[in-house]
Amino acid sequence: MLNGKNIVVGVTGGIAAYKTATLVRLLVKAGAGVKVVMTPLAKEFITPLTMATLSGNRVLADFFDPESGDWNSHVDLGLWADLFVIAPATANTIAKMANGVADNLLLTTYLSARCPVVVAPAMDLDMLKHPATVANLERIKGYGNHIIEPSSGELASGLEGKGRMAEPEQIAKELELICQKKKEIDLTGIRMVINAGPTREPLDPVRFLSNHSSGKMGEALARAAAICGADVDLVLGPVSERPKGGPFRIRDVVTAKEMHDLCVELFEKADVAILAAAVADYTPETLSASKIKSDGDDLRLNLKPTDDIAAALGSMKRPDQIVAGFALETDNEIENARNKLKSKRLDFIVLNSLKDSGAGFGTDTNRITIIDHKDKRDMFELKPKSEVAFDILQKTVSVIRERRE
Ligand code: CTP
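Residues numbered from 1 in each chain as written. Predicted model: local features only at pLDDT ≥ 70, side-chain atom pairs only at ≥ 80, totals over all residues. Heavy atoms only, no water.

A. Region of interest: the overall build of the protein. Helix and strand content of the protein: 14 helices and 21 strands. Expressed along its principal axes, the backbone C-alpha trace of the protein runs to roughly 80 × 55 × 40 Å. Burial analysis of the protein (405 residues in total) assigns 50% to the buried set. At a minimum sequence separation of 6, the contacts of the protein that also span at least 24 residues come to 68%. A total of about 19600 Å² of accessible surface is found on the protein, and carbon and sulfur atoms cover 50% of it. Here the protein holds 51 positive side-chain charges and 55 negative ones, and the gap between their average locations is 2 Å. (Helix = DSSP H or I, 4+ residues; strand = E, 2+ residues; numbered from the N terminus. Buried < 20%, exposed > 50% of the residue type's maximum accessible area, 1.4 Å probe, protein only. Contact = heavy atoms within 4.5 Å. Areas by Shrake-Rupley, 256 points an atom, 1.4 Å probe, with all protein chains shown as cover. Lys, Arg positive; Asp, Glu negative; His and termini not counted. Charge placed at Lys NZ, Arg CZ, Asp CG, Glu CD.)

What follows is the structure in structure tokens.
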């Protein structure tokens, strides 16, 4: 998988830098072209000579060559790379990445890179646990970088805990996996609209009707689709934990009507819509201008149906467009999902049952069955939503291929 890939290996100043020599060797052995870029401090931990010898390429550390005065172009390096891995990534470099600081060649290359970026943090346990580092890691995750969690064990300080850089073999494996996903699920040039989260239907100035949707499945889909090369708009209802960002556009909406109108508008220019939102089926018939007062009597609310977004996109889709939806069911799962697939004119539907523990609202995992318009069914294991997203995109790619044949 790594054969013929161009990989930039970024090394920052941490003891774990000695392990990066093995990583470079593994990548070269796998057939990748490797260029190493080091921060000034990294050179104190491992010599550029070692890295140059193992990679077979000149090591880059300065903005220009001090002898010849030649400019080391971070832009060219960023564009050359199919993958950029930063290992070890110190707390300092992670903080700079989180804030867009560009004071060395590694960071300017990071900011210029258009490829997937993989970060393998390594630091002492207390540095890793510090709220600033935790927040910075969250932030760079939000920018779409892949973080390879450090492992636990004995640290250079002599302390025991979490902070050891992942082993070179594991990092190489992770890089391979990213290449594999990109190859199998190539969404380059595909414009995608994904909706996610709940909607909020106001009753009066202070109250609304809503649901528990976390938007996590839709966010995972947006992130995975962007990794696979799609141009993604995530139309997002009011979730409790809004993604900090990523390689996709977040379009915030509140009500079912706002979500409907924006999805319809964006779908005009899109190739694929995946509708993962838990859209309210009903909205109050009237919005009270002032706070509804409690007088001790029963209160009856009159609700009217909202527009069904999936059905709207299903009926407006051109032959080259694809619309997929979700069905969250408690009973007669397959039958209900098939009915939704038909009535909303979807190309496929992703079924999850609330009977499965670990699936559905608020969880980080999901267990799905995909049913397509030919009634072909694929059942998947319980997996993290980040992996479920790739299964759904794999199906999307196969439907796109089918259409184009
Ligand atoms: N959906 C939608 N607009 C709505 C309601 C649902 O686009 N107003 C979409 C959901 O995003 C999902 C699919 O329709 O992709 C199925 O949603 P679900 O809530 O399971 O089904 P409903 O059609 O609302 O039917 P019910 O609530 O009766 O199960």
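B. Structural view of the packing of helix H1 (residues 17–29) against helix H9 (residues 168–184). Interaxial distance between H1 and H9 falls to 9 Å at its minimum, and their mutual angle equals 40 degrees. As the angle between them shows, H1 and H9 are arranged oblique. The chirality of how H1 crosses H9 is right-handed. Between H1 and H9, the contacting residues are Lys19, Thr22, Leu23, Leu26 and Leu27 on the first element and Pro168, Glu169, Ile171, Ala172 and Leu175 on the second. (Axes fitted to C-alpha atoms, helices over the stretch in contact; angles between N-to-C directions. Parallel < 35°, antiparallel > 145°, perpendicular 65-115°, else oblique. Left-handed = near helix turned anticlockwise from the far one by under 90°.)

C. Molecular detail of the site of the ligand. Near the ligand lie 16 residues; those nearest to it are Leu275, Ala277, Ala310, Lys340 and Lys344. The backbone of Ala277 places a nitrogen or oxygen atom 2.8 Å from an oxygen atom of the ligand. At 2.9 Å, a side-chain N or O of Asp281 approaches an oxygen atom of the ligand. For the ligand, the accessible surface in isolation is 560 Å², of which the surrounding protein chains cover 75%. Broken down by secondary-structure element, the contributors of at least two residues to the shell around the ligand are helix H12 (309–316) and strand E16 (322–329). (Near = heavy atom within 4 Å. Polar contact = N/O pair within 3.5 Å; in protein donor to acceptor, adjacent residues only side chain to side chain.)

D. Here's a closer look at the domain arrangement of the protein. When its domains are assigned, the protein resolves into domain 1 (6–183) and domain 2 (186–289 + 298–404). One C-alpha centre belongs to domain 1, the other to domain 2; they are set 36 Å apart. Each partner contributes residues to the interface: domain 1 has nine residues there, and domain 2 has nine residues. Interface of domain 1 and domain 2: buried area, both sides summed, is about 790 Å²; carbon and sulfur atoms make up 64% of it. (Domains from an automatic or database assignment. Buried area = accessible area lost by both parts, 1.4 Å probe.)

E. The sheet that holds strand E4 (residues 117–121), seen in detail. Strand order in this open sheet of five strands is E2-E1-E3-E4-E5, and the pairing throughout is parallel. At either margin of the open sheet sits one strand with a lone partner, and together these are strand E2 (33–38) and strand E5 (146–147). Pairing analysis gives two bridges linking E4 to E5, with the strands arranged parallel. Within E5, the position partnered with Val119 by the bridge is Ile147. Together, strand E1 (6–11), E2, strand E3 (83–89) and E4 form the strand contacts of helix H6 (residues 105–112), whose direction differs from that of E3 by roughly 140 degrees. The strands touched by H9 within the sheet are E3, E4 and E5, with E3 carrying the most contacts at an inclination of about 155 degrees. (Pairing = 2+ DSSP bridges.)

F. Seen up close, helix H13 (residues 333–343). Taken together, the buried positions of H13 are Glu333, Ala337 and Leu341. Looking straight down H13, one finds that the buried residues subtend no more than 65 degrees of arc, so they occupy a single side. What points out from H13, more than 90 degrees from its buried face, is the exposed set Lys342 and Ser343. For H13, the secondary structure elements touched by its buried residues are E16, strand E17 (348–353) and strand E19 (369–372). Just downstream of H13 lies Arg345, where phi reads positive at about 55 degrees. (Arc of directions from axis to C-beta.)

G. Molecular detail of the pairing of E17. Counting buried residues in E17 gives six out of six residues, a clear majority hidden from the surface. Residues Phe348, Val350 and Asn352 point to one face of E17 and Ile349, Leu351 and Ser353 to the other, with burial holding for every one of them. In the sheet, E16 pairs with E17 via six bridges, with the strands oriented parallel. Following the sheet pairing, Ala327 is matched in E17 by Leu351. Once the chain exits E16 it traverses H13 before rejoining the sheet at E17, and the crossover so formed is right-handed. (Right-handed = clockwise from strand over helix to strand, strands pointing away.)

H. Looking closely at the side chain of Asn145. Relative to the helices and strands, Asn145 is located in the loop between helix H8 (131–142) and E5. Within the structure, the side chain of Asn145 is placed 3.0 Å from the side chain of Tyr110, a separation counted as a polar contact. Separated by 2.8 Å, the side chain of Asn145 and the backbone oxygen of Ile140 make a polar contact. Every residue in contact with Asn145, bar those within four places of it in the chain, is listed here: Met97, Tyr110, Val117, Val119 and Ile140.

I. Representation of the environment of Ala324 within the structure. Note on placement: Ala324 falls in strand E16. Sequence separation between Ala324 and Arg345 is 21 residues; the distance between their C-alpha atoms is 9.1 Å. If sequence neighbours within four positions are ignored, Ala324 has contacts with Ala273, Ile274, Leu275, Leu346 and Phe348.

J. Local environment of the sheet that holds E16. As summarised here, the arrangement of the eight strands in space is E12-E11-E8-E13-E16-E17-E19-E20, forming an open sheet in which the pairing is mixed. Whereas interior strands pair on both sides, the edge strands pair on one side only; in this sheet they are strand E12 (249–252) and strand E20 (377–379). Strand-to-strand, the axes of this sheet are offset by a mean angle of 15 degrees, without reference to chain direction. Across the sheet, H13 touches E16, E17, E19 and E20, and the angle it forms with E17 is around 150 degrees.

K. Local environment of unusual backbone geometry. Of the consecutive residues Ala87 and Pro88, the connecting peptide bond is found in the cis state with omega at -5 degrees. Examined against the element boundaries, Pro88 turns out to sit in strand E3. Backbone geometry places Asn332, a non-glycine residue, at a positive phi of 40 degrees. Relative to the helices and strands, Asn332 resides in the loop between E16 and H13. Although it is not a glycine, Asp375 adopts a positive phi angle of roughly 70 degrees. Here Asp375 is to be found in the loop between E19 and E20. Given the relative accessible area of 31%, Asp375 is considered partly exposed.

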